[in-house]
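# Observations on the model geometry
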Amino acid sequence: MEKIKEILNKFEMEYVEDYKPTWVKAKLKNKEDLLEVVKALKEAGIASCSTVSPTDYPEEDRMEINYFLEDIINKKNVWLKVDIERALDKCEIDSITPELPSADYHELESYSTFGVKFKGHPNLRYFLISADYYGKFPFRKDFDWEEHEKQLIENVNAISEEFFEEYEENEETMGHEGSRTVLHWGPTHPASGPIRLKVYVNGENIEKVEPDIGYVWRALEKLAERKDFIGTIVAVERICFMDNTNPMICYAQAVEEIAGKEITPFAKYMRVILGELGRTVSHLISLGGFFGTMGLQTFLMWCLDVREYFLDVLEDYSGARIATACIEPGGVRYPLNDYKAWFGELNKAIEKWESVKSDIEDIFLKNPLMTVRAKETGIFNEEDVIENYLAGPIARASNVKVDVRKDEPYAAYGELEMDYVTCDSGDTRDRLYIIYKEINQSIDLIQQAMKKIEEGIEAGEMDPKKDHMIKMPRRMPEGEAVSRVEWARGEMLMHLVTMPKSTNPYRLKLKAPSVNHTRMLEKLLPNHTLSDIPLLYGSMHICQGDLDR
Amino acid sequence: MNVWEMLFYIFVFPGLLFLLAWTFFVFYFARKTLAYLHKRVGPHYNGPAGTLQTIWDIFKLLTKESITPKSADPYLFNIIPIITPLVAALPVILIPWTPLINHGHAILDTDYGILGLVVLIGVEPFLLFLTGFGSNNKYSFLGGMRILAQMISMEAPFFLAALSPALLFGTMNLYDIMYSNTWLTTLILLPGAIIFIITMLGILEQPPFNIPDAEQEIVYGFYTEYAGTNYTLLKFAEFTEILVISAAAVTLFFGGYRGIFFDSFWWLFLKIALLALVMVAIRASNPRLRLDQMLKFTWSWLTPLAILNLVWITFAKIYILGV
């Protein structure tokens, strides 16, 4: 930490201060220094960029850009801020993509939504947004949404024209080399989900891949600014329906940090249980979906069968199965009036999982044809993980020990016994195995947390009927917070900015791991055949919901 | 053979009506068994245990509009779905179905039965390739290419395996082969039968060799552009082919309609249903192979094994049967 501060202090800084145990927060005076700072930090091991988040201050005529840079091996992170001018023609800054490739898509996103031009970016283009937003930059505070909606018909035409133009491209001529076919893999492809991969193929062999995203872009970050602090949770939880609870934990932590409140131990353990339930529910789909990409639906059906039991538990608690909205700033939303009955349901679900485990291992995880297809294909090593900031299960499958639950313990994870779950080789099969191992870890954590809650209640330290919430202020003070959780697909980071006495967030940046994982497809897929696209794509466990937000 | 007899063969058994009934049955059977293995219920509401569901589905498909894409070749696109079921149904006359018809012989009782069967089955993939070619769609065309690659590599071991009973019994007449088969020869023919069944999965595009119509990769390949009646006809051709090749397998290796205590069509049917059950079980537990892996498997394992099998048959014929 001291070393990083030393490096930062060599440059002109407005301030350099500690923030949480693993972060250093600093603000750069001159934007010209940025590249030099990033280079120096990269030499010190901070080689991954988590995200780039601009905040727009029209009154002060400035745009503040936040860089979240991480050293995922040694768990030392830097939150770097820099001010630039706001006017569209002057709103530009050096791109850090040549130094940290993981910033690539995040810079494109900032350019498309805020109009920040990144000088020296290898391929600066509009991204994520549809044709009707080109040149308008929807996340700026002065963007006129009503005017935009009035031009609805025109906008629809702009989108469809762009769409048709792009889809008419079937072939790329290459002079004397002949030509290669352009396949549009998505967005209505059976295995793609709402994303389009432009695949350049020579026969069955893939030569180049270009992801085109934004088909389910809902502007959640902007939507959060229009809702109050409680209402924002329904925007946040819709990042991806599969793991629904963890984004809410992340958001609630950021709000609690700004309000300066500490939640009760009971609520902390409840967050562990709910968070791990969300992870299990999501992983069960990932597990089955992996085989679905190879045309085998049996495993998916079996996983959905088990998943029903876990959804029943969520339904018992919150009344909803998928979009639960059960965690809010201040704790968890509902008391446990009959905790024994709920734990009984939970144990039933766990028993169901234990009862199918041996069948799953024998029939599917040791399946010879799956091994033939998935073993030793699409290998990621540690450098790939750091350079492109692959997160969560994908990183752990390559034997990189990274897990926010352990690196920066939140909720009650610090008091539970857990270890990094890893696999060795980092190939496609390991990205299946890691998911299976993580479900077992989640079950173990749930059992530990249940035990702690039971002990707490028996000792009279916890009251499940009252302890679930603390009182939160209706209006928040001015502040800024960064909160991280281990989501089912990797690190989720939220950057929340509030104004004095505000009732709604001023800016909420949602960072989800699928962005980097999708970017990785450009490097992963070439030199494989067409049959490998669904398998490798499925092994990245990408969810378009958190890709587009 | 008089006219009425002929019309009965064409329209009732083993012709159109029988093939339709088989299509309904195997569709329902595959759905229900697969659902059981998936831990689902499967068709449930229409008819007793959902038996009417398949029939309604097929009639629903028939009432749908048949769409011909703008860029497709309209003649090729629409003629192939008519030719394909006809070609698929032709081998039916070469197989002895029941003791009640033609004194237990096939309708066309010929000494070149296996040859006819193999040729008629081998024509089918080229028609399916033309469906992909005529669709003028990138995914369909890829599906057409894949089907050619798969058929060329699968047919070599398929024919070699089909030859093994002919070599053992010294005849290509299916009726004679069926009646020469004993428990001992069934055991001798078992390696050939296994190779035949594996290649059968490839030729019928069943998992793990459903590469030409891979949904997740090339969007059902050559089926992509077909809808309504045309799609129904292609599916009908597919199920007819399943029936014909399974019946061929049973006749060649497992004694056709001959059974314990009595000979009947139902023995043949039972054996075919068991084969279908094996196919469904493989489908429910194995993912799809990649095209290059399939090619490697057929040419470096299956074809050499099929040739070795012929050596084994010759050996067994001389030293075990002592002919």
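Quick caveat, the model's predicted, so the values are computed rather than measured. (Residues numbered from 1 in each chain as written. Chains lettered and ligands numbered in written order. Predicted model: local features only at pLDDT ≥ 70, side-chain atom pairs only at ≥ 80, totals over all residues. Heavy atoms only, no water.)

### Comments concerning the sheet that holds strand β16 (residues 507-511) of chain A
Residues and elements named next belong to chain A. With respect to topology, three strands assemble into an open sheet ordered β14-β15-β16, the strand pairing being antiparallel. Of all the strands in the sheet, just β14 (479-487) and β16 have a single pairing partner and so form its edges. Each strand of the sheet is rotated relative to its neighbour by a mean of 10 degrees, with strand direction disregarded. Bridging between strand β15 (residues 490-498) and β16 involves five bridges; their strand directions are antiparallel. (Pairing = 2+ DSSP bridges. Helix = DSSP H or I, 4+ residues; strand = E, 2+ residues; numbered from the N terminus. Axes fitted to C-alpha atoms, helices over the stretch in contact; angles between N-to-C directions.)

### Regarding empty space enclosed by the protein
With the rule as written, the count across this model stands at eleven cavities of 30 Å³ or more. The computed volume of the largest cavity comes to approximately 80 Å³. The wall of the largest cavity is formed by T84, E124, L128, I203, L204, E205, F222, Y223, L234, A237, E238 and E241 of chain B. Elements with a contribution of two residues or more to the lining of the largest cavity: α5 (113-135) and α10 (228-253) of chain B. Along the lines of polarity and charge, the residues of the lining of the largest cavity split into seven nonpolar, one polar and four charged. In this structure, the second largest cavity is lined by E70, D71, I72, K75, N77, Y389, V402, V404, D407 and R484 of chain A. Those elements giving two or more residues to the lining of the second largest cavity turn out to be β4 (62-71) and α15 (404-407) of chain A. (1 Å grid on protein atoms, 1.4 Å probe; cavity = no way out; pocket = protein on both sides within 12 Å on 5 of 7 lines; lining within 4 Å. Points joined across faces, edges and corners; volume = space filled by probe spheres on them. Nonpolar A, V, L, I, M, F, W, Y, C, P; charged D, E, K, R; others polar.)

### What to know about unusual backbone geometry
Omega for the bond connecting P207 of chain B with P208 of chain B falls within 30 degrees of zero, at 0 degrees, which places this linkage in the cis form. Summarising the element assignment, P208 of chain B is placed in the loop between α8 (183-203) and α9 (215-218). A positive phi angle, near 55 degrees, is found at K20 of chain A, a position not held by glycine. For K20 of chain A, a relative accessible area of 32% corresponds to the partly exposed category. Unusually for a residue other than glycine, F137 of chain A sits at a positive phi of about 60 degrees. Mapped onto the elements, F137 of chain A comes out in the loop between β7 (117-119) and α4 (145-150). (Buried < 20%, exposed > 50% of the residue type's maximum accessible area, 1.4 Å probe, protein only.)

### Side note on the domain arrangement of chain A
Residues and elements named next belong to chain A. By the assigned domains, chain A splits into domain 1 (2-145) and domain 2 (220-548). Each of domain 1 and domain 2 was reduced to a C-alpha centroid, and the two centroids are 27 Å apart. Contacts between domain 1 and domain 2 engage 40 residues on the former and 37 residues on the latter. On the surface where domain 1 and domain 2 come into contact, there are seven salt bridges. Of the charged contacts in the structure, one is a salt bridge between E109 and K509, with a shortest N-O distance of 3.2 Å. Our enumeration of links across domain 1 and domain 2 arrives at 25 residue pairs in polar contact (both at pLDDT 80 or more). Taken together, the elements giving at least two residues each to the side of domain 1 that touches domain 2 come down to β3 (48-57), β4, β5 (76-85) and α3 (104-114). (Domains from an automatic or database assignment. Contact = heavy atoms within 4.5 Å. Salt bridge = Lys/Arg side-chain N within 4 Å of Asp/Glu carboxyl O. Polar contact = N/O pair within 3.5 Å; in protein donor to acceptor, adjacent residues only side chain to side chain.)

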